[in-house]
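# Architecture at a glance
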Amino acid sequence: MADAGFDDRTDDGRERASKEPDAAPQSSEPPADTVARDNETTATFNHDFGALLSAMEAGVSTEEQEALRALPSGSALLIVRRGPNVGARFLLDADVTTAGRHPDADIFLDDVTVSRKHADFVRVGTKFEVRDLGSLNGTYYNGQRVDSATLVDGGEVQVGKYRLTFYASRLDLTSPAAR
């Protein structure tokens, strides 16, 4: 059966595939129910959620995330990511925290690649710096040998074989004074 306005056969006599009549012209505006659904799925995330996502992407466990959320202002956490004691956590809550191979070091890193008094973590307000103490193998921050460096959340400090990730208090990341 032929529709008005076009032939069912091609020039060589074969039957054409059926063609539906043109649909009504479509509006450039989406239907009202689509707009409502789009608005229902729109979400706004605060800085805490962004920090949580960053931590998850960086391989921070749920337990570590909870420890980070519990940090008071003016403190920080170092988590061993490589070397002996992977997963060990060290709280930075004093004005000066010494890391080294000496048994009396605040952060005891028991390996021959670590000097007895290797580096200090120094609190300056709500921020922290790492300072090398003349160690034989040096102190590295984000892959660069440093004498001193201001630490940024998620930065990596290397002391001998140990690679430690620095995490500032979440309160200090969200406060206007910390920015």
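Residues numbered from 1 in each chain as written. Predicted model: local features only at pLDDT ≥ 70, side-chain atom pairs only at ≥ 80, totals over all residues. Heavy atoms only, no water.

As recorded by an unreviewed UniProt entry, the chain carries the name FHA domain-containing protein and is attributed to Ruicaihuangia caeni.

What follows concerns the pattern of salt bridges. Using the criterion set out here, one finds 7 salt bridges in the structure. Between Arg170 and Asp153 there is a salt bridge, with its nearest N and O atoms 2.5 Å apart. One end of the pair, Arg170, is in helix 4 (residues 170-174); the other, Asp153, is in the loop between strand 9 (148-150) and strand 10 (156-159), with 17 residues separating them in the sequence. Owing to a relative accessible area of 29%, Asp153 belongs among the partly exposed residues under this scheme. (Salt bridge = Lys/Arg side-chain N within 4 Å of Asp/Glu carboxyl O. Helix = DSSP H or I, 4+ residues; strand = E, 2+ residues; numbered from the N terminus. Buried < 20%, exposed > 50% of the residue type's maximum accessible area, 1.4 Å probe, protein only.)

Time to look at the sheet that holds strand 1 (residues 76-82). As summarised here, the arrangement of the 6 strands in space is 2-1-11-10-7-8, forming an open sheet in which the pairing is antiparallel. Only two strands of the sheet have a single partner each, and these edge strands are strand 2 (89-92) and strand 8 (144-146). Averaged over all pairs of adjacent strands, the angle between strand axes in this sheet comes to 30°, irrespective of strand direction. Alignment of strand 1 against strand 2, held across 4 bridges, turns out to be antiparallel. Looking at strand 2, one finds that Leu78 is bridged to Phe90. Set on the sheet, helix 3 (residues 62-70) makes contact with strand 1, strand 2 and strand 11 (162-168); between it and strand 1 the angle comes to about 155°. (Pairing = 2+ DSSP bridges. Axes fitted to C-alpha atoms, helices over the stretch in contact; angles between N-to-C directions. Contact = heavy atoms within 4.5 Å.)

Let us look at the sheet that holds strand 3 (residues 96-100). The strands making up a sheet are joined through hydrogen bonds of the backbone, oriented either antiparallel or parallel. Spatially, 4-3-5-6-9 is the arrangement adopted by the 5 strands of the open sheet, whose pairing is mixed. The two strands at the open ends of the sheet, each matched to only one other strand, are strand 4 (107-108) and strand 9. Bridge count between strand 3 and strand 5 (residues 119-124): 4 bridges; the pairing is antiparallel. Among the inter-strand pairings, Thr97 is bridged to a residue of strand 5, identified as Phe121.

So, about unusual backbone geometry. Here the phi dihedral of Asn85 falls at roughly 70°; this positive angle occurs in a residue that is not glycine. With respect to the secondary-structure elements, Asn85 resides in the loop between strand 1 and strand 2. For Asn85, a relative accessible area of 44% puts it in the partly exposed group. In this model, Asn142 sits at a positive phi of 50°, which is unusual for a non-glycine residue.

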